[in-house]
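What follows is the residue order along each chain.
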Amino acid sequence: MTGPVKKVFIVDDDDSFLRSIERLLRSAGYATECFSSAEEFLVQRPSGAAGCVLADLQMPGMDGMALQATLAQSADPLPIVFLTGHGDIPISVEAMRQGAEDFLVKTAPKELVIAAIERALARNARERSALAHRQRLQSRFEKLTPREHEVLSHVMQGKRNKGIADDLGIDERSVKRHRTNLMRKLGVTSVAELVQLAVESGMPAEG
């Protein structure tokens, strides 16, 4: 039984280096796609594809740092490893501070490049798993009625049934019914479980 495909998106304006690193990674068992610019990658990148990006730093048009920032702001970010011939300490520090998995020069031993790619792929797998978990939880919250969402918001603020009833202008028995229904839909039996579920789904614990 084969494992999951390990996909590396290579972005570099140096065509000879692009093909050289592609051969290296393919021989190491990775699936690759090559792009001669950051703009080309962003346009042609498959939606929802797993993997990581191996990118040069200095490229015409959008450079590697701008590509990193764009990826970080996207709905489906990918970890990035910089492999450049023009690195320096301040730039490498900034790249790492912004979340780059590693910052290597093109003369780095292939073992270091492979190790960085493996870390980036493992990180992407963790992040995709966490995202899928949040989406499953969010789908449960989408089953709530508007009134149940209102009651939930007040419960998350630590308010008791009477206070919620006063705030919403409804009777306390209605609040109890809405609380029972929303907790049943969410599959929880306590406020502590409810808060934990909401936080895991991306909802703030208060507010």
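A quick note: this is a predicted structure, and the numbers were derived from the prediction, not measured.

**Here we look at the pattern of salt bridges**
A side chain of one charge can pair with a side chain of the opposite charge when the charged atoms of the two come close. Taken as a whole, this structure holds 18 salt bridges when the rule is applied. A salt bridge links Glu22 to Arg26; the nearest nitrogen and oxygen atoms lie 3.3 Å apart. Taken together, the residues span about one helical turn, with Glu22 and Arg26 both in helix α1 (residues 15-27) at a distance of four residues. Taking relative accessible area as the criterion, Glu22 reaches 14% and is therefore assigned buried.

**Quick look at the packing of aromatic side chains**
Here the structure, examined in full by the defined rule, presents four aromatic pairs. Directly above the ring of Phe17 sits Lys106, whose terminal nitrogen or CZ lies 4.3 Å from the centroid.

**As for the sheet that holds strand β4 (residues 80-84)**
Read from one edge to the other, the open sheet built from five strands follows the order β2-β1-β3-β4-β5, with strand pairing classed as parallel. Either end of the sheet is taken by a strand with one partner, and the two such strands are β2 (31-35) and β5 (102-105). Within the sheet, the average angular offset between the axes of one strand and its neighbour, ignoring direction, is 20°. In the sheet, strand β1 (residues 7-11) pairs with β2 via five bridges, with the strands oriented parallel. Bridged to Ile10 within β2 is Cys34. In the packing of α1 onto the sheet, the strands contacted are β1, β2, β3 (52-55) and β4, and the crossing angle to β2 comes to about 170°. Of the strands in this sheet, β4 and β5 touch helix α4 (residues 89-97), which is tilted by about 150° from β5.

**What about the packing of helix α7 (residues 161-168) against helix α8 (residues 172-186)?**
In contact at an axis separation of 8 Å, α7 and α8 are set at 110° when each is read in the N-to-C sense. Overall, the two elements α7 and α8 adopt an arrangement that is roughly perpendicular. Only Glu172, Val175, Lys176 and Arg179 of α8 make contact with α7, whose side of the interface consists of Asn161, Lys162, Ile164 and Ala165. Considering only residue class, the contact of α7 with α8 consists of three nonpolar, one polar and four charged.

**Let's talk about helix α3 (residues 64-73)**
Among all positions of α3, only Gly64, Leu67, Gln68 and Leu71 are buried. Around the axis of α3, the buried residues are gathered within 100° of arc, so they sit on the same side. Of the residues flanking the start of α3, the one acting as N-cap is Asp63, its side-chain oxygen 3.3 Å from the backbone nitrogen of Met65.

**Description of the environment of Glu142**
With respect to the helices and strands, the residue Glu142 is situated in the loop between α5 (110-141) and α6 (146-156). Distance in space between the C-alpha atoms of Glu142 and Lys185 is 9.8 Å, their sequence separation being 43 residues.

**Section: the confidence of the model for the protein**
On average, residues of the protein score 91 in pLDDT, and 96% of them reach the 70 mark or higher. Looking at the elements of the protein, mean pLDDT is at its lowest for α4, recorded as 88, and at its highest for β3, recorded as 98.

**Things to note about the pairing of β3**
Taking every second residue as pointing to the same face, both faces of β3 are buried, with Cys52 and Leu54 on one and Val53 and Ala55 on the other. As judged from the four bridges shared by β1 and β3, these two strands associate in the parallel manner. In the sheet register, Ile10 faces β3, and the bridge partner there is Leu54. As paired elements, β3 and β4 share three bridges and run parallel to each other. Its bridge partner lying in β4, Val53 is registered against Ile80. Tracing the backbone out of β3, into α3 and back to the parallel element β4 gives a crossover that is right-handed.

**Section: the state of the cysteines**
Enumeration according to the criterion identifies zero disulfides in this entry. You can see Cys52 has no disulfide; the closest cysteine sulfur is in Cys34, sitting 13 Å from it.

Each value, and the rule that gives it
Along each chain, the written sequence defines residue order, and numbers are assigned to residues from 1. Whole-chain, interface and lining totals are the exception, using all residues; otherwise, since this is a predicted model, local features are given only for residues with pLDDT of at least 70 and side-chain atom pairs are given and counted only at 80 or more. Neither water nor hydrogens contribute to the side-chain values; these are computed over all heavy atoms in the structure. Throughout this description, the term salt bridge denotes a Lys or Arg side-chain nitrogen within 4 Å of a carboxyl oxygen of Asp or Glu. Each helix is a run of H or I in the DSSP string that is no shorter than four residues. Each strand is a run of E no shorter than two, and both are numbered from the N terminus. Classification of residues uses two cut-offs on accessible area relative to the type maximum, computed with a 1.4 Å probe and protein chains only: under 20% is buried, over 50% is exposed, and between them is partly exposed. To pair, rings of Phe, Tyr and Trp, with the six-membered ring standing in for Trp, must have centres within 6.5 Å; the planes then decide the type, stacked if under 30 degrees apart, edge-to-face if over 60, and tilted in the middle. Whether a charge sits over a ring depends on NZ of Lys or CZ of Arg being within 6 Å of the ring centre and within 35 degrees of the ring normal. If DSSP finds at least two bridges between two strands, the strands pair. Note on definitions: angles span 0 to 180 degrees between N-to-C directions of axes, and those axes are lines fitted to C-alpha atoms, for helices only across the stretch in contact. Whether two residues touch is decided by their heavy atoms; if any such pair falls within 4.5 Å, the residues are in contact. Note that the term roughly parallel is reserved for angles under 35 degrees, roughly antiparallel for angles over 145, roughly perpendicular for angles of 65 to 115, and oblique for everything else. Each residue gets one label: Ala, Val, Leu, Ile, Met, Phe, Trp, Tyr, Cys and Pro are nonpolar, Asp, Glu, Lys and Arg are charged, and the others, such as Gly, are polar. Relevant arc is that of directions from the helix axis to the C-beta atoms, nothing else. Two N or O atoms form a polar contact when they lie within 3.5 Å of each other; inside protein one atom must be a possible hydrogen donor and the other a possible acceptor, and for residues adjacent in sequence the pair counts only when both atoms belong to side chains. pLDDT: the predictor's confidence for each residue, scored from 0 to 100. Consider the strands pointing away from the viewer: the crossover is right-handed when the path from the first strand over the helix to the second runs clockwise. Note on disulfides: each one is a pair of cysteine sulfur atoms within 2.5 Å.

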